[in-house]
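The primary structure of each chain is shown beneath.
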Amino acid sequence: MTLSITTSTLADGAVEVSPRGEIDVENAYEIREAVAAQLSSGSPARIELNMRHVTFIDSVGISALVAAFQLAGVSGVKLVVTRPSRFAHRQLWVTGLLGLFGNPQPFDETVNA
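Residues numbered from 1 in each chain as written. Predicted model: local features only at pLDDT ≥ 70, side-chain atom pairs only at ≥ 80, totals over all residues. Heavy atoms only, no water.

The protein chain is annotated in an unreviewed UniProt entry as Anti-sigma factor antagonist of Actinoplanes hulinensis.

Caption draft 1: Expanded view of helix α3 (residues 86–94). Among all positions in α3, only Ala88, His89 and Leu92 are buried. One face of α3 carries all of its buried residues, which in axial projection span an arc of 100°. Summarising the geometry of α3, the exposed residues directed more than 90 degrees from the buried face are Arg86, Trp93 and Val94. Summarising the contacts, the buried residues of α3 are in contact with β4 (53–57), α2 (59–74) and β5 (78–82). One or two residues past the end of α3 sits glycine 96, with phi positive at roughly 75°. (Buried < 20%, exposed > 50% of the residue type's maximum accessible area, 1.4 Å probe, protein only. Helix = DSSP H or I, 4+ residues; strand = E, 2+ residues; numbered from the N terminus. Arc of directions from axis to C-beta. Contact = heavy atoms within 4.5 Å.)

Caption draft 2: Up close: the pairing of strand β1 (residues 3–9). Pairing of β1 with strand β2 (residues 15–23) involves seven bridges; the strand directions are antiparallel. Paired with threonine 7 across the strands is valine 17, a residue of β2. Linking β1 to β2, which pair antiparallel, is a turn of five residues; within it glycine 13 sits at a positive phi near 90°. (Pairing = 2+ DSSP bridges.)

Caption draft 3: Highlighting the pairing of β2. Counting buried positions along β2 gives seven out of nine residues, so the element sits mostly inside the fold. As paired elements, β2 and strand β3 (residues 46–50) share three bridges and run parallel to each other. Bridge pairing in β3 places glutamate 16 opposite glutamate 48. Here four bridges tie β2 to β4, and the two strands are oriented parallel to one another. Looking across to β4, one finds that glycine 21 is bridged to valine 54.

See below:
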């Protein structure tokens, strides 16, 4: 499966970056590039990485998230993960990175069913 990334501006001025699909060694760089593009086009107060539709993320994808977090931090922008899929949440938990990304709760598909 491929990765697609959409971006939007939320009502409070934060930027939402929403990847869809699998984040792996083939395309992980796209996450960092999407964050870098938002930082170069302005200075949002916050970037929300909505991981609701992420079906898979490997160690290279996790590294890309950390790189994006660091890149945002250098620019004075807070990057948080929101609505992670159960798989993405589990990967962040196993790696000990949930706290770094704002302790997001996993997205619950049953609430919207």
